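Residues per chain, in single letters:
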Amino acid sequence: MSKIDVSSLDVKLLRTFLAVFEEESVTRAAERLDCSQSAVSHSLDRLRHCIGDPLFVKRGRGIAATAAAVSIAPKVTDILISIEGLALQG
C-alpha cells in the first residue's frame, strides 16, 4: 500500500468503504446506503485511487477484502465514530 492521498478522502467515501467491507457486497452496501450500485462502485474507484490498493477482489460470486482493506477498516471505523462524536458536541 502506498502513501494515502488524504486530501481526496471524505466521509462519504469512508462510509461507503465500511459498508462494502461489512456487507462483503457492492449490491448490499448500495441497499444499505440507499444509493445505486453504480454510485458505490464509483466511490470505490475513487477510494482505490486514494489508497493505492484494489481494496476488494472477486471471490466466487462475491468479493473479499484485501489485506490493506482489513488493515484500514478498524481505523476507518474509529474515524467515523470520532466524526459522529463531533456532531454530538454541537
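What this report covers is the structure whose coordinates are included nearby. (Residues numbered from 1 in each chain as written. Predicted model: local features only at pLDDT ≥ 70, side-chain atom pairs only at ≥ 80, totals over all residues. Heavy atoms only, no water.)

**A short note on the overall build of the protein chain**
Tallying secondary structure elements over the protein chain gives four helices and two strands in all. Tracing the protein chain from N to C terminus, the helices and strands come up as α-α-α-β-β-α. The C-alpha atoms of the protein chain give a radius of gyration of 13 Å, which matches the 12 Å a tight globule of 90 residues would have. Counting only C-alpha atoms and orienting by the principal axes, one finds that the protein chain spans roughly 45 × 30 × 20 Å. Counting the 90 residues in the protein chain, one finds 32% classified as buried. Of the contacts made within the protein chain by residues no fewer than 6 positions apart, 54% connect residues no fewer than 24 positions apart. Accessible area of the protein chain: about 5,800 Å², with a carbon and sulfur share of 54%. (Helix = DSSP H or I, 4+ residues; strand = E, 2+ residues; numbered from the N terminus. Rg over C-alpha atoms; globule rule 2.2 N^0.38 Å. Buried < 20%, exposed > 50% of the residue type's maximum accessible area, 1.4 Å probe, protein only. Contact = heavy atoms within 4.5 Å. Areas by Shrake-Rupley, 256 points an atom, 1.4 Å probe, with all protein chains shown as cover.)

**Regarding the nonpolar core**
Residues Phe 17, Val 20, Leu 55 and Phe 56 are the most contacted members of the largest nonpolar core, which totals 21 residues. For this core, the elements supplying multiple residues, two or more each, are α1 (11–23), α2 (26–33), α3 (37–51) and α4 (67–89). Those residues within four positions of Phe 56 in sequence are excluded, and the remaining contacts are Phe 17, Val 20, Phe 21, Leu 44, Arg 48, Ile 63, Ala 64, Ala 65 and Thr 66. (Core = buried A, V, L, I, M, F, W, Y, C linked by side-chain atoms within 4.5 Å.)

**A look at the packing of aromatic side chains**
Counted by the stated rule, this structure contains two aromatic pairs. Ring geometry for Phe 17 and Phe 56: centres 5.8 Å apart, planes at 40°, overall tilted. Of this pair, Phe 17 sits in helix α1 while Phe 56 sits in strand β1 (residues 56–59); the two residues are 39 residues apart in sequence, bridging distant segments of the chain. (Phe/Tyr/Trp six-rings, centres within 6.5 Å; stacked < 30°, edge-to-face > 60°.)

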